[in-house]
Amino acid sequence: GYAQEVLRLQVGALVTVQHNAPITILGDVLLEDGSNLQNNGIITIKRFAPSGTGNWTDQTVTAYEHGSGTLVFNSAGNNMVNSRNSFQRIEVNSAGLQLNSDIASHQWYLQNGQVSTGSFKAIATGTATLSVTADVTNTGFVNSWINGTLRRHITPATVNNYVFPVGNATRVQLAEMDNLTASALNNVTYIDAFFAPKAGTDIGFSVVENSTLYTGIHDAGIWHLIPDVNPGAGRYDLKLYLDGFGGLADNRFTILRRPEGSV
């Protein structure tokens with residue numbers, strides 16, 4: 001059904017969306033502190049009109065889980081979301097989604113539109129490979145990705161592969177961790193990933209690999225993959241997708257790993 005243009009849950013209100021029940025809200029959602037929304041169905045947030053808004057504003061102080069359902073952002077314009085509460089599944093099919101707080105969801109399903117995190121994080125609490133998933137129309141995450149920081153919770157002892165569809169305002173710059181289970185990283189529970197401009201200059205830079213000398217880092221940018229703790233053991237393969245990295249010649253470049261904060 002269609003709800004009113006602005007849905008407000010006042011203090012003390014409890015609203016439950018039953019299993020698989022669809023609700024489309026044309027406008028903003030405001031959850032006052034002390035209210036509770038249990039979504040076990042499918043809530044779709046749309047703009048009432050191209051000039052309107054379709055934002056999710058949650059003033060909850062004590063966090064809780066929103067239920068087993070799906071929250072869909074589906075607008076011709078941008079949506080905004082802030083919440084201390086965790087979601088089961090967030091689907092993005094919009095002109096863009098702006099995070100105004102850290103947003104945690106068991107699964108992120110990306111179809112269209114950048115998820116811009118600013119100083120916050122998109123958090124995937126699920127540890128399965130498909131806890132961050134691209135729609136079939138979003139091959140390689142080229143239509144929808146995380147513009148900012150993606151935190152992926154991982155279980156490298158049992159899950160072999162994780163994709164990090166991070167990038168900037170222009171394009172996705174995929175990173176992929178593979179072959180994790182052969183020698184699992186120990187103690188690590190999540191990875192914070194983002195793609196950022198190159199820091200510093202190449203003055204004095206010199207790296208030798210099997211007699212091949214490297215004298216610079218590509219200006220297109222660098223990937224940051226930051227674990228919550230430094231692993232005491234473990235290995236993995238890293239695959240980086242070089243869209244936008246012009247001027248590279250076969251067998252004349254490599255991946256360079258450096259400590260976080262290096263310039």
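Coordinates for the structure precede this section.
Cut-offs applied
Residues numbered from 1 in each chain as written. Predicted model: local features only at pLDDT ≥ 70, side-chain atom pairs only at ≥ 80, totals over all residues. Heavy atoms only, no water. Helix = DSSP H or I, 4+ residues; strand = E, 2+ residues; numbered from the N terminus. Buried < 20%, exposed > 50% of the residue type's maximum accessible area, 1.4 Å probe, protein only. Contact = heavy atoms within 4.5 Å. Salt bridge = Lys/Arg side-chain N within 4 Å of Asp/Glu carboxyl O. Pairing = 2+ DSSP bridges.

(A) The arrangement of the environment of isoleucine 42 in detail. Structurally, the position occupied by isoleucine 42 is in strand β7 (residues 42-46). For isoleucine 42, a relative accessible area of 35% translates into the label partly exposed. Taking the C-alpha atoms as reference points, isoleucine 42 and lysine 198, separated by 156 residues in sequence, lie 41 Å from one another. Dropping the residues within four chain positions of it, isoleucine 42 is found in contact with Val17, Ala21, Pro22, Ile23, Thr70 and Val72.

(B) Quick peek at the pattern of salt bridges. Throughout the structure, instances matching the rule amount to seven salt bridges. Shared partners join several salt bridges into a network, and the residues in it are Lys198, Asp202 and Asp219.

(C) Expanded view of unusual backbone geometry. In the Ramachandran plot, phenylalanine 141 falls in the positive-phi region, its phi being about 60° despite a non-glycine side chain. Here phenylalanine 141 is to be found in the loop between β13 (132-134) and β14 (146-153). Unlike most non-glycine residues, asparagine 210 shows phi in positive territory, near 50°. Within the secondary structure layout, asparagine 210 lies in the loop between β19 (207-209) and β20 (212-214). We classify asparagine 210 as exposed; its relative accessible area is 71%.

(D) Representation of the pairing of strand β9 (residues 70-73) within the structure. Neither face of β9 is exposed, since Thr70 and Val72 on one face and Leu71 and Phe73 on the opposite face are all buried. Relative to β9, β7 runs parallel, the two being bridged by four bridges. Looking across to β9, one finds that isoleucine 42 is bridged to threonine 70. Across four bridges, the pairing between β9 and strand β11 (residues 87-99) is parallel. Bridged to valine 72 within β11 is glutamate 91.

Purely geometric numbers; function is a separate question.
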